Amino acid sequence: MSDLTLTNITKSFGKVEVLRGIDLTIRSGEFVSLLGASGCGKTTLLRIVAGLEGVSTGKVEIAGADVTDLPPEKRDIAMMFQSYALLPHMSVAENVRFPLRMRRVGTREEQDAKVKAALETVQLTHLADRAPRQLSGGQQQRVALARAIVSNPKVLLLDEPLSNLDARLREEMQVELIEIHRRIGLTTLFVTHDQDEALSLSDRVVLMNAGAIEQEAPPREIYDAPATAYASSFLGAANLVPARIAGGLATLADGQTLPIASGAPDGNATLALRQENVDFLSEGGLAAKVITRVYLGSRHRYILDLAGQTISVLAPASVMLEPGSEARIGIAPDRIRILPG
Amino acid sequence: MTDRRETWLFLLPGLALLVVGFIFPIARMLVLSVQGPDGHTVDQFARFFQDTFYPSILWRTVYLSALITAICAAIGFPLAYIMARSGPRVRLWLVIMVILPLMTSVVVRTFGWMVLLSRSGLIASTLRDFGLVGRSFQLMHTETAIVLGMVQVLLPFMVLSLLGVIIRLDPRLEEAARTMGCSFLQTMRRVVLPLAAPGLLAGSILVFTLSASSFVTPALLGGPRIEVLAGSIYKNVTQTLDWNFAAAQAVILFAGIALLLIPYLRLGRRAHG
């Protein structure tokens, strides 16, 4: 059973084509991330699902009903905004009650109970009577979340809800979102430009590029087996190195060779190397020149020149190489992703 | 120390103008209103309230001002909302359109209304052609004429006060309200209107005080029989030369407006939190 079905959605603003034929189905209770760089159309797609934006062509179905032409208030959805959009003239509790009041859900007592439960879920019961402006960013964010889940919508839409938080709070909220989703199991569509968020939160990642879906797969699969060069470079900052494949060996531009897993067709290809999968060796392997070293606390990031390509590599903090020196690196054959072209 | 002196220096021109142009005349007016042939007296005030003539003028002034304020708010809110949510180019044209009446002289503007509203004017003759009104129908020299003329010239104050507030409201709030089950009109009522309250308040105060104290437009459009307090004061100063009575009326108008505004301002303070 699916809660959200998008069929061949296109959207143009004037002459600019923002979405070109999106097909997407989200199962009941699934947590799906729309991941992509800014301007890829992911937020537009979310707004189309919410009804805040119309489609040029295509169909939006929520819980089996065609809602393409319905205004937002007639759709069984809830949306959480990047700026939280709390109503400043209402208290926290009134904000959380607002969707219940406007949708005329239950009696006043039932609404009270639901508001209380939602505030308990986000651990904010003690702030129920505060005004939104008296709360910190993280607290406001929780209120927005409580307000989004209180009406138990068919589809929960999250528009980069974590991007205004500082790094520590963001990680806390990620854990909390996972917990809450596991507990109440709302069908969720989550927009983000942050691949870590997409990978850690979702059941399925939908990578968008230039108004189309580049790849959709569970997080592990899309990370380990990106289908396209764009997917591999967007997820996990892969290094792309052109090579010639022949007989189980990849030959780089400068003539160095490295073994690859069998099965790749001979010809020109692009090697996608994850920065964490490159090992520093004392001898053997490939020669690369150290350009820069960046200290990251728990480890080092090295920028290397490999066969004329600049690549980024993560190494333990114990690896100390000076810029200008030569490094020996190796990559396990099964860690090399070979992309056509 | 220097900062403080500079602050005073900056305040001085405005302060001087306020003292010379406002506080001094008001004080004079207060003194005049209680001045009699032999010392202080409240005779002028007693005369105002001795029969229903002057109180009815006061009442007309208040309720016409209230009506004008209400109509300006009812027209101004949707207009200001549309202006706030349209692009900068459209907004500029709308602003020009709204303040255009302020750029024409009150005499020209009023004669324009006379052409429209008189017995042989466009509105009356059209209504007569449709057989909706009798031969003697005219809008000139009615309270309707005063309200029409005043709304036209005071609308910009309301619209610009509202525009300043609505334009700073985050449109996401309205979108959020829509996703929470509000129709467009409910969004206006539950979100935009409460948040625009400070602008509505400021605009209402401007419109109300300006219409309660105006006399040219009411005098020209209302005619001699439909008098408002400011017009009556003007008449006493320039025609009957009864300055003491004029001063008493001015004090009553001043006090009346102040009395009405105090609760309003309280409301405003609460809205600002």
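A. Structural detail: the overall build of chain B. When you go through chain B residue by residue, the secondary structure sums to 13 helices and 2 strands. Over its C-alpha atoms, taken along the principal directions, chain B stretches across nearly 75 × 75 × 30 Å. Here chain B holds 273 residues, and 41% of them are scored as buried. Taking the contacts inside chain B whose residues are at least 6 apart along the sequence as the reference set, 70% of them involve residues at least 24 apart.

B. Fine view of the interface of chain B and chain A. Residue-level contacts link 18 residues of chain B with 22 residues of chain A. Looking at the side of chain B facing chain A, the largest losses of area belong to Thr179, Met180 and Arg190 of chain B, adding up to 37% of the total buried there. Joining chain B to chain A, the criterion identifies 2 salt bridges. In this structure, Glu73 of chain A and Arg178 of chain B form a salt bridge, with 2.8 Å as the shortest nitrogen-oxygen distance. If you list the elements that add at least two residues to the side of chain B that touches chain A, you get helix 8 (171–179) and helix 9 (184–195) of chain B. Examining the composition of the side of chain B that touches chain A, we find that 7 residues originate from one element, helix 8 of chain B, more than from any other. Of the residues in the side of chain B that touches chain A, the class split is 9 nonpolar, 4 polar and 5 charged.

C. Structural detail: the side chain of Lys42 of chain A. All names here are of chain A. Along the polypeptide, Lys42 turns up in helix 1 (residues 42–50). With relative accessibility at 4%, the residue Lys42 sits in the buried group. At a separation of 3.1 Å, a polar atom in the side chain of Lys42 contacts the main-chain carbonyl oxygen of Gly36. Setting aside residues no more than four positions away along its own chain, Lys42 makes contact with Leu34, Leu35, Gly36, Ala37, Glu160, Val191, Thr192, His193 and Met208.

D. Just the domain arrangement of chain A, in detail. Residue and element names in this part refer to chain A. For chain A, the assigned domains read domain 1 (2–230) and domain 2 (237–340). Between domain 1 and domain 2, the residue contacts involve 9 residues of the former and 6 residues of the latter. Carbon and sulfur atoms supply 46% of the area that domain 1 and domain 2 bury against each other, a total of about 580 Å² over both sides. No other element matches the 3 residues that helix 7 (residues 219–224) contributes to the side of domain 1 that touches domain 2. In terms of residue class, the side of domain 1 that touches domain 2 is built from 6 nonpolar, 2 polar and 1 charged.

E. Quick peek at helix 5 (residues 106–117) of chain B. All names here are of chain B. If you check helix 5, its first and last C-alpha atoms are 16 Å apart, about what 12 residues at 1.5 Å a residue would give, namely 16 Å. Among all positions of helix 5, only Arg109, Thr110, Trp113, Met114 and Leu117 are buried. Viewed along the axis of helix 5, the buried residues span an arc of 145°, placing them on a single side of the element. In helix 5, those exposed residues whose orientation departs by more than 90 degrees from the buried face are Val108 and Val115. On its buried face, helix 5 sits against helix 4 (88–103), helix 6 (122–129), helix 7 (143–166) and helix 11 (216–222). A side-chain oxygen of the first residue of helix 5 lies 3.0 Å from the backbone nitrogen of Val107; this N-cap is Ser105.

F. Structural view of a nonpolar patch on the surface. All names here are of chain B. On the surface, Trp8, Leu11, Leu15, Leu18, Val19, Val20, Phe22, Ile23 and Phe254 cluster together into a nonpolar patch covering about 860 Å² of accessible area. For the nonpolar patch, the element with the most residues is helix 1 (residues 2–33), which contributes 8 residues. By the element assignment, Phe22 lies in helix 1.

G. Structural context of the pattern of salt bridges. Under the defined criterion, the tally for this structure stands at 21 salt bridges over all chains. A salt bridge links Asp242 of chain B to Arg47 of chain B; its shortest N-O distance comes to 2.8 Å. With Asp242 of chain B in the loop between helix 12 (229–238) and helix 13 (243–272) and Arg47 of chain B in helix 2 (residues 43–49), the pair connects residues that are 195 residues apart, well separated along the chain. Assessed through its relative accessible area of 30%, Arg47 of chain B is described here as partly exposed. One network of salt bridges, in which partners are shared, links Arg27, Glu30, Arg204 and Glu216 of chain A.

H. Examining unusual backbone geometry more closely. All names here are of chain A. Positioned with a positive phi, Arg104 is a non-glycine residue whose angle comes to about 50°. Within the secondary structure, Arg104 sits in the loop between helix 2 (92–102) and helix 3 (108–121). Positive phi outside glycine occurs at Gln123, with the angle close to 55°. Relative to the helices and strands, Gln123 resides in the loop between helix 3 and helix 4 (137–149).

I. Examining the packing of helix 4 of chain B against helix 7 of chain B more closely. All names here are of chain B. Orientation of helix 4 relative to helix 7, taken along the N-to-C sense of each, is 145°, at an axis distance of 6 Å. As helix 4 packs across helix 7, the resulting crossing turns out to be left-handed. Contacts between helix 4 and helix 7 involve Arg91, Val95, Val98, Ile99, Pro101 and Leu102 from the first element and Gln152, Val153, Pro156, Phe157, Val159, Leu160 and Leu163 from the second. Partitioning the contact of helix 4 with helix 7 into residue classes produces 11 nonpolar, 1 polar and 1 charged.

J. Geometry of the packing of helix 3 (residues 53–85) of chain B against helix 10 (residues 197–213) of chain B. Residues and elements named next belong to chain B. Two elements in contact, helix 3 and helix 10, have axes whose closest approach is 9 Å; the angle formed by their N-to-C orientations is 140°. For the element pair helix 3 / helix 10, the angle class is oblique. Pair helix 3 / helix 10 crosses with right-handed handedness. Counting all contacts with helix 3, which are made through Thr61, Val62, Ser65, Ala66, Ile68, Thr69, Cys72 and Ala73, the residues of helix 10 involved are Leu200, Ser204, Val207, Phe208, Ser211 and Ala212. By residue class, the composition of the contact of helix 3 with helix 10 is 9 nonpolar, 5 polar and no charged.

K. Local environment of the sheet that holds strand 17 (residues 299–306) of chain A. All names here are of chain A. The strand order across the open sheet built from 5 strands is 15-19-16-17-18, with neighbouring strands paired in antiparallel fashion. This sheet does not close on itself; its edge strands, each paired only once, are strand 15 (278–281) and strand 18 (309–316). On average, each strand axis in the sheet is inclined to that of its neighbour by 50°, with strand direction left out of account. Across 4 bridges, strand 15 lies against strand 19 (residues 326–331) in antiparallel orientation. Along strand 19, the bridge assignment pairs Phe280 with Ile329.

Definitions and limits used
Per-chain numbering applies: the sequence of each chain, read as written, is numbered from 1 onward. The order in which chains are written sets their letters, starting at A; the order in which ligands are written sets their numbers, starting at 1. pLDDT decides what is reported in this predicted model: residues at 70 or higher carry local features, side-chain atom pairs at 80 or more are listed and counted, and totals for whole chains, interfaces and linings draw on all residues regardless. In computing side-chain properties, one takes all heavy atoms of the structure into account and sets aside hydrogens as well as water. A helix here means a DSSP run of H or I that spans at least four residues, while a strand means a run of E at least two residues long, and both kinds are numbered starting from the N terminus. Per-residue accessibility, obtained with a 1.4 Å probe over protein chains only, is compared with the maximum for each type, and a residue is labelled buried under 20%, exposed over 50%, and partly exposed between these values. Residue contacts are counted whenever heavy atoms from the two residues lie within 4.5 Å of one another. Two parts placed together each lose some accessible area; with a 1.4 Å probe, that loss summed over both constitutes the buried area. Any carboxyl oxygen of Asp or Glu that lies within 4 Å of a side-chain nitrogen of Lys or Arg is treated as forming a salt bridge with it. For this scheme, ten residues count as nonpolar: Ala, Val, Leu, Ile, Met, Phe, Trp, Tyr, Cys and Pro. Four count as charged, namely Asp, Glu, Lys and Arg, and the remainder, Gly too, count as polar. Any N or O atom pair separated by 3.5 Å or less is treated as a polar contact, with the protein-specific requirement of one donor-capable and one acceptor-capable atom, and with residues adjacent in sequence counted only for side-chain atom pairs. Note that domain bounds follow an automatic or database assignment of domains. Expected span, for any helix, means 1.5 Å times one less than how many residues it has. Here, the arc refers to the directions that run from the helix axis to the C-beta atoms. In this scheme, patches are assembled from residues that exceed 30% relative accessible area and form no salt bridge. Like charges are connected within 9 Å, while nonpolar side chains (Val, Leu, Ile, Met, Phe, Trp, Tyr) are connected within 5 Å. Each accessible area is a Shrake-Rupley result for a 1.4 Å probe, and residues are judged covered by the shown protein chains and nothing else. Structural elements are reduced to axes, namely lines fitted to C-alpha atoms, with helices fitted over the stretch in contact, and the angle between N-to-C directions of any two is expressed from 0 to 180 degrees. Two helices crossing with the near one rotated counterclockwise from the far one by less than a right angle form a left-handed crossing, whereas a clockwise rotation gives a right-handed crossing. For classification purposes, an angle smaller than 35 degrees is called roughly parallel, one larger than 145 roughly antiparallel, one from 65 to 115 roughly perpendicular, and anything else oblique. DSSP bridges decide pairing: two strands pair if at least two such bridges lie between them.

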